[in-house]
Amino acid sequence: MKQGGNAVDAAVAVGFALAVTFPEAGNLGGGGYMVIRMADGRTAALDYREVAPLAATKNMYVGANGKLTGESTIGPHASGVPGAVAGMTEAHRKYGALPLAAVMAPAIRLASGGFTVDSALFRSLSAETYRITGFAGKSVFFPNGAPVPVGSRLIQPQLARTLQSIAQSGSSAFYRGSIADSIAAEMQRSGGLITKEDLARYKPIWRTPLRSTYRGYSLISMPPSSSGGTTITEILNILEAYGPAASFGSAERVHAVASASQRAFVDRNSKLGDPAFVKVPIATLTSKSYARTLANSISRDRAQPTMQLGSARAEGNETTHYSVVDRFGNAVATTTTLNDLYGSGVFVSGAGFFLNDEMDDFTSQPGTPNMFGLIQGEANSIAPGKRMLSAMSPTIVLDPKGKLLLVTGARGGPRIISATSQIILNVIDHRMSLADAMSAPRIHHQALPDSIRMEAGGFEPGVITRLREMGHHVYELSGIANAASIMRVKGGYEGMDDPRLRGGGAAGF
């Protein structure tokens, strides 16, 4: 931005830099979503989610015994066709101000010159030894049979060459050139499904952003194939119809937020999918009248079992989110992922990056939970060329005067939706500062399993007792997602990473 670039340039620069320094989730081998609002009022939503390879089949992860095989989470069959490079270069093409080579220069420098390994990267690699060491990434990240040590310099010449090729030739280098050759060769060696034809066919999609309101504020969010914008809109609409917000942290407030989330996730898990393959009732799910019907179904003092709510059928922390605002008022919310930490574990030899394991985000077997415990329906079943449903929720909020107020999103599988919606609620309903909105304890209800997860130590024991008396199953856990947000404040903007997050940060000038 100091060189004259805008928020989109900065977002793309961050995305490529994270592919170097944050290999657990920053990526070239995955995909994501970007919500953009330019200072002149133009808005855009870019879908660069991965797609199923042409060789994918509906029951490809169901074994002869009728049970899931586990191949959707690790190994060469777990990867969808990557969209990250196509998405970032397309966003830059349409909205960027600087040359792509200038935007990618920091990432290339970090890869070729190296960066210092910190304790967060060391711990992350140590925790995922089993996933990485079975594939070619072992030589890069475990050069002597152990993770690269804290304080050492990690230089990635293969990745530097890959980035240089993209900077020079754009996405064609990745999808049709030498990088595509490397991906196809890796798949052939390991028995994977992605081919050069899959790569050549991949296209990011510009979609119409979801526009919604909450108590006079406006939201700009991501439509399907992301479920985030639709589900957050439904949650907020239900709460608006339910009535004025009770005090933060009270049993009444937790019950209302959990019940709204429960109902929205019933719809999310049964009705949402890739709009190119299924008819998604977006207009209904995001309507105020539908929300009033759902709000009227919420008892003021009793929990309702999920299975009584309709057709709900009985996503981890491996994503990353970043928010960017420039001095002109252009804003970008970007969420990107490999799914699991280090994706499928498969590392593209000669190109220097991990491939995703996003195929697990499909409904591999209706009625069976995925790695995040989500139990989904036929709308999200596997099909060649189909985008798998995601919980990623990059969101921009405008104040009642139409001015930029908040840019937010999170990592954390389906808990992304809970964290993002609750930060928005904290700012609008509870008038919190950004620091308080980000730090306040969170809850999560995803319909099935039928329970409220609450951050341990964040709520009074009496509140938990009261919720259980109301019929809620309550479980405490260490943390619910990690967010990164920017909020307009008097005199400028304030940025904050999540206090639950290791290795995040805020920067500006």
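Residues numbered from 1 in each chain as written. Predicted model: local features only at pLDDT ≥ 70, side-chain atom pairs only at ≥ 80, totals over all residues. Heavy atoms only, no water.

Draft legend 1. Representation of the environment of Lys138 in the model. Tracing the backbone shows Lys138 in helix α6 (residues 138–141). Of the residues examined, Lys138 reaches a relative accessible area of 40% and is grouped as partly exposed. In this structure the C-alpha to C-alpha distance between Lys138 and Ser165, which are 27 residues apart in sequence, comes to 24 Å. Aside from chain neighbours lying at most four places away, what touches Lys138 is Ile132, Thr133 and Pro143. (Helix = DSSP H or I, 4+ residues; strand = E, 2+ residues; numbered from the N terminus. Buried < 20%, exposed > 50% of the residue type's maximum accessible area, 1.4 Å probe, protein only. Contact = heavy atoms within 4.5 Å.)

Draft legend 2. Summary view of the sheet that holds strand β16 (residues 452–455). In space, the three strands of this open sheet follow the order β15-β16-β17, with mixed pairing throughout. Since the sheet does not close on itself, it has two edges, and those belong to β15 (443–444) and β17 (474–477), each with one partner. (Pairing = 2+ DSSP bridges.)

Draft legend 3. Looking closely at the sheet that holds strand β8 (residues 319–325). Reading across from one edge, β5-β2-β1-β9-β8 is the order of the five strands in this open sheet, with antiparallel pairing throughout. The outermost strands of the open sheet, each flanked by one partner alone, are β5 (205–207) and β8. Ignoring which end each strand starts from, the neighbouring axes of this sheet average 15° apart. Two strands pair when backbone bridges link them, and strand β2 (residues 43–48) and β5 are joined in this way by three bridges, in the antiparallel orientation. Note on β5: the bridge partner recorded for Leu46 is Trp206. Its contacts with the sheet put helix α2 (residues 84–95) on β1 (31–37), β2 and β5, and the angle it makes with β2 is roughly 155°. (Axes fitted to C-alpha atoms, helices over the stretch in contact; angles between N-to-C directions.)

Draft legend 4. Here's a closer look at helix α7 (residues 157–169). With 13 residues, α7 extends 18 Å from end C-alpha to end C-alpha; this agrees with the ideal 18 Å at 1.5 Å per step. Where α7 is buried, its residues touch α1 (7–21), α2, α3 (100–113), α8 (172–175), α9 (178–190) and β11 (353–354). (Expected span 1.5 Å × (residues − 1).)

Draft legend 5. Region of the structure containing the nonpolar core. The biggest cluster of nonpolar side chains holds 79 residues, and the ones touching the most others in it are Ile396, Leu406 and Met454. Per-element accounting of this core gives the leading share, nine residues, to helix α12 (residues 251–271). For Ile396, the residues in contact, after removing those within four places along its chain, are Val35, Ile36, Arg37, Ser218, Leu219, Ile220, Ala331, Ala333, Leu404, Leu406 and Val407. (Core = buried A, V, L, I, M, F, W, Y, C linked by side-chain atoms within 4.5 Å.)

Draft legend 6. Examining the packing of α3 against α7 more closely. At their nearest, the axes of α3 and α7 sit 9 Å apart, and the two run at 175° to each other. When the interaxial angle is binned, α3 and α7 end up roughly antiparallel. Contact residues: Leu100, Ala101, Met104, Ala107, Ile108, Ala111 and Ser112 in α3; Pro157, Leu159, Ala160, Leu163, Gln164, Ile166 and Ala167 in α7. For the contact of α3 with α7, the per-class residue count stands at twelve nonpolar, two polar and no charged. (Parallel < 35°, antiparallel > 145°, perpendicular 65-115°, else oblique. Nonpolar A, V, L, I, M, F, W, Y, C, P; charged D, E, K, R; others polar.)

Draft legend 7. Up close: α2. In a regular helix each residue adds 1.5 Å, so twelve residues correspond to 16 Å; α2 covers 17 Å between its end C-alpha atoms and thus fits that length. A large share of α2 lies buried, amounting to ten of its twelve residues. The set of residues buried in α2 consists of Ala84, Val85, Ala86, Gly87, Met88, Thr89, Glu90, Ala91, His92 and Tyr95.

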